[in-house]
Amino acid sequence: MRHFPAFLDLRDRKVLVLGDGEVAERKAAPLAAAGAEIRHANTFRPDLLDGIVLAIGADAAEDQLRALSDAAQARGIPVNVVDRPELCSFIMPAIIDRDPVTVAVSTGGAAPVLARMVRQRIEAILPPTLGAVASLAGRLSTLVRRRLPDISARRRFLERALAGTPADLALAGRAEDAELAFRRALDDASATPVGMVFLVGAGPGAADLLTLRALRLMGEADVIVHDRLVSEEVLSLARRDAARIYVGKQRAHHCLPQGEINALLVRLAREGKRVVRLKGGDPFVFGRGGEEAAALAEAGIPHEVVPGVTAALACAAQTGIPLTHRDASRAVTFVTGHTRDGRLDVDFEGLARPGQTLAIYMGLSTLRELEAGLVRAGMDPSTPAAIVEAGGTPQARWLAGSLASIASEGPAWASTAPALVIIGEVVALGPEVAQRRIAQASPDAYALGTPPSAAPENRRSGLRRAVASRSSAR
């Protein structure tokens, strides 16, 4: 280790920045943020170092930078000249700021770009609100020392508290609840603390569609409670020694009934566990997350909901179908294809209104009933529609056509993979759907004025004209 890392208190202390340009301003900004009083100069004079505790050189002539380096080092003042390691007595690190937590990364000036890359990776791991956890510990440090004079006991308590519920609440921005949980844990440091449950959206299945918060929590969890829609690719990112409990559910086939899942989450939290309830898509979009959150709240269990990429968004992105489009749809409605007892119970009159997109979850088994109800309510059977299976994963595939054609072909075409039905004029605007299916669809299905062999941009113009024509006809 050539350079020894240190953190300087620069509050109300003078720092010289030599040079006038973008780089000099960029270097001065974090120093000012740390409370330093910045002295700017374009040319160097020895008296500029009077009262200075730190000097930076950038965007200045070569002779000026060398004079600054020589004079500062002669006085014992730390000096950094940007991109000139031979003129530096210290290195400006890449900084991760989670005030009051600060992480600095340096390559000793050998590869600043690499230092920035390392910083970005650390940034992705550390939650933005990490400083709130440090502030919580700082506010109560005197109380902890007084209540736990034995250093070993104090260390064990802090390790548990700063990786447990008080820290989780602080990270969630619930400062008052975090302090209350911290004080309660301190009241009986030997007792098993109540854990916390995170209702986490795992997205559609691809691991790189997880949120950074979901990834962090999976790496910290004691227990992962997951359903059948969570892929092995996603599960492989969880903490290696975390217990895994499968509670998979499929229509009419429940590995564990919902009431028992709720009870399981409560029990695990009362055992002091950090529990990640990992759910495909988003917990609050047909994922029973609301029921689980209510059960946890009733039991007094701290919990947090972490959103995920829901199937409609993933399917739309992969097929290129815009869920809303100013030429075709000004609203999108998420609908479940069946209720708790398996029936289709929806407001067909509301769903059949023009100018909107329908994203129907779990709708394959009731697709015929859905088509019949929408047509009775006034929807044109030739309205563009698509079935997207395993959307958001490399295994995705889709069947596009009209409402009538997918209702006819869909049951035989579908596999056992999760599927979403999208209905609306926007389906005709999806480039992937259009390119793969337009040659097979009947001309009436999209009411196209351009042949399948037309250039993509002309084909899209035709689709827009078709949308406008159908809308005006209604």
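Thresholds, definitions, all that
Residues numbered from 1 in each chain as written. Predicted model: local features only at pLDDT ≥ 70, side-chain atom pairs only at ≥ 80, totals over all residues. Heavy atoms only, no water. Buried < 20%, exposed > 50% of the residue type's maximum accessible area, 1.4 Å probe, protein only. Helix = DSSP H or I, 4+ residues; strand = E, 2+ residues; numbered from the N terminus. Pairing = 2+ DSSP bridges. Contact = heavy atoms within 4.5 Å. UniProt positions renumbered as here; feature names shortened; annotations may be inferred.

Caption draft 1: Just the pairing of strand β18 (residues 419–423), in detail. Buried residues dominate β18, accounting for five of its five residues. Neither face of β18 is left uncovered, since the one carrying Ala419, Val421 and Ile423 and the one carrying Leu420 and Ile422 both have all their residues buried. In this sheet, β18 lies alongside strand β15 (residues 357–361) in antiparallel orientation, the contact comprising four bridges. The residue bridging Ile360 from the neighbouring strand is Val421, located in β18. Two strands pair when backbone bridges link them, and strand β16 (residues 384–389) and β18 are joined in this way by five bridges, in the antiparallel orientation. From the neighbouring strand, Ile387 faces β18, where its bridge partner is Val421.

Caption draft 2: Main features of helix α15 (residues 367–376). Here α15 has its buried residues at Leu367, Leu370, Glu371, Gly373 and Leu374. Each element contacted by the buried residues of α15 is listed here: α14 (348–351), β15, β16, α16 (403–413) and β18. Backbone geometry just downstream of α15 places Gly378 in the positive-phi region, at approximately 115°.

Caption draft 3: Focus on the UniProt feature "domain: Siroheme synthase central" (unreviewed entry) in the protein. Using the residue numbers shown here, the UniProt feature "domain: Siroheme synthase central" (unreviewed entry) corresponds to residues 98–124. In this annotation, residues 98–124 is assigned 48% helix and 22% strand; the end-to-end C-alpha distance for the span is 12 Å.

Caption draft 4: The arrangement of the environment of Val223 in detail. By secondary structure assignment, the location of Val223 is in strand β8 (residues 223–226). Take Val223: its relative accessible area is 3%, and that puts it in the buried class. Measuring from C-alpha to C-alpha, the distance between Val223 and Arg244 comes to 5.8 Å, with 21 residues separating the pair along the chain. Excluding its chain neighbours within four sequence positions, the residues that come into contact with Val223 are Ala243, Ile245, Leu268, Lys273, Arg274, Val275 and Val276.

Caption draft 5: Local environment of unusual backbone geometry. Of note, the amide linkage connecting Asp99 to Pro100 takes the cis form, showing an omega dihedral of 5°. One can find Pro100 in the loop between β5 (94–98) and β6 (101–105). Here the phi dihedral of Met362 falls at roughly 50°; this positive angle occurs in a residue that is not glycine. Its place among the elements puts Met362 in the loop between β15 and α15. Of the residues examined, Met362 reaches a relative accessible area of 38% and is grouped as partly exposed. Despite not being glycine, Ala390 shows a phi value in the positive range, around 55°.

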